[in-house]
Structure formats: structure tokens, C-alpha cells
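Architecture and fold: a report
Read off the chains here:
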Amino acid sequence: MQSLDRLFVYGTLKANGSAHDLIRGAEREADGLVENAEVIEVRGYPMLRSGSGTVPGEVYLIPEDRWSALDEWEDAPRAYQRRKRRLMDGREVWVYEAP
């Protein structure tokens, strides 16, 4: 059986975003909220960083074989860092955020 990890998305990977094809077909769970964060725009793209707000987003179960393409799209670890965060509802997710 394939290992699945949760990914929290807040920008171009969302269902109506320009990069959603990278996760198309992944199982979508209930949306979630990340605390102590904010979204800024960097070179035309949204970027999550630590802050004093709450950021809403979509949560997907991502198959292991898709992470390398996602890391490449997000230019991790240079432009974005993939880090574990805990959502307000207690779920642990990966999120791409400011280094």
C-alpha cells in the first residue's frame, strides 16, 4: 500500500489554481486553518510565512510518488521550504512556506 501524507495548499495548488494539475486526483480532505501565519506575494506568487493571522486552505492526501514534482514546482528548498505544521483541528500537514 502506498504511503500518503497530507499537504495544505493556499495558493496555486488549490482546486482553482494554475498548478492544481500537480495534485489532480489526490483525495481532498476537509479544508483547514493554519494559525500564526500570513500569506504574502513574492514575484507574483503567494507565500506563507510566520505571522499573527490565520490562513485558510485545502488539504489533500498526496501519494509518495508526487512529492518530487511538487518540490520541483515549489523550488524547494531554495524558494520555499516544505515543513510540517499542525492545523487548528489537530491534523499534521506539510506546507510550502517562506525559508
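An account of the accompanying structure is given in this report. (Residues numbered from 1 in each chain as written. Predicted model: local features only at pLDDT ≥ 70, side-chain atom pairs only at ≥ 80, totals over all residues. Heavy atoms only, no water.)

Let's talk about the overall build of the chain
A tally of regular secondary structure across the chain gives 1 helix and 5 strands. Tracing the chain from N to C terminus, the helices and strands come up as β-β-β-α-β-β. Relative to the globule expectation of 13 Å for 99 residues, the C-alpha radius of gyration of the chain, 12 Å, shows essentially globular dimensions. Projected onto its principal axes, the C-alpha positions of the chain cover 40 × 30 × 25 Å. In the chain, which comprises 99 residues, the share counted as buried stands at 40%. Across the chain, contacts joining residues at least 24 apart in sequence account for 62% of those joining residues at least 6 apart. Counting only carbon and sulfur atoms, one obtains 45% of the accessible surface of the chain, whose full area is about 5,700 Å². Side chains of the chain carry 14 positive and 18 negative charges; the gap between the two charge centres is 2 Å. (Helix = DSSP H or I, 4+ residues; strand = E, 2+ residues; numbered from the N terminus. Rg over C-alpha atoms; globule rule 2.2 N^0.38 Å. Buried < 20%, exposed > 50% of the residue type's maximum accessible area, 1.4 Å probe, protein only. Contact = heavy atoms within 4.5 Å. Areas by Shrake-Rupley, 256 points an atom, 1.4 Å probe, with all protein chains shown as cover. Lys, Arg positive; Asp, Glu negative; His and termini not counted. Charge placed at Lys NZ, Arg CZ, Asp CG, Glu CD.)

Quick notes on the environment of Ala26
Along the chain, the position of Ala26 falls in the loop between strand E1 (4–9) and strand E2 (27–42). Look past the residues within four positions of Ala26 in its chain and what remains in contact with it is Tyr60, Leu61, Ile62 and Arg66.

Details of the pattern of salt bridges
Under the definition given, this model contains 13 salt bridges. For Asp71, the salt bridge goes to Arg82, with nearest N and O atoms at 2.9 Å. Within this pair, whereas Asp71 is found in helix H1 (residues 67–73), its partner Arg82 is found in strand E4 (residues 81–86), the two being separated by 11 residues in sequence. Accessibility expressed as a relative area gives 25% for Arg82, which makes it partly exposed. In this structure, Glu92 and Lys84 form a salt bridge, with 3.6 Å as the shortest nitrogen-oxygen distance. Assessed through its relative accessible area of 38%, Lys84 is described here as partly exposed. Linked through salt bridges whose partners overlap, the residues forming this network are Arg6, Glu29, Asp89 and Arg91. (Salt bridge = Lys/Arg side-chain N within 4 Å of Asp/Glu carboxyl O.)

Focus: the pairing of E4
Inspection of the sheet shows E4 paired to strand E5 (residues 92–97) by 6 bridges, in the antiparallel sense. Each residue of the ladder has a partner; that of Arg83, found in E5, is Val95. With antiparallel pairing between neighbouring strands as the criterion, E4 and E5 make up a hairpin whose turn holds 5 residues, including Gly90 at a positive phi of roughly 100°. (Pairing = 2+ DSSP bridges.)

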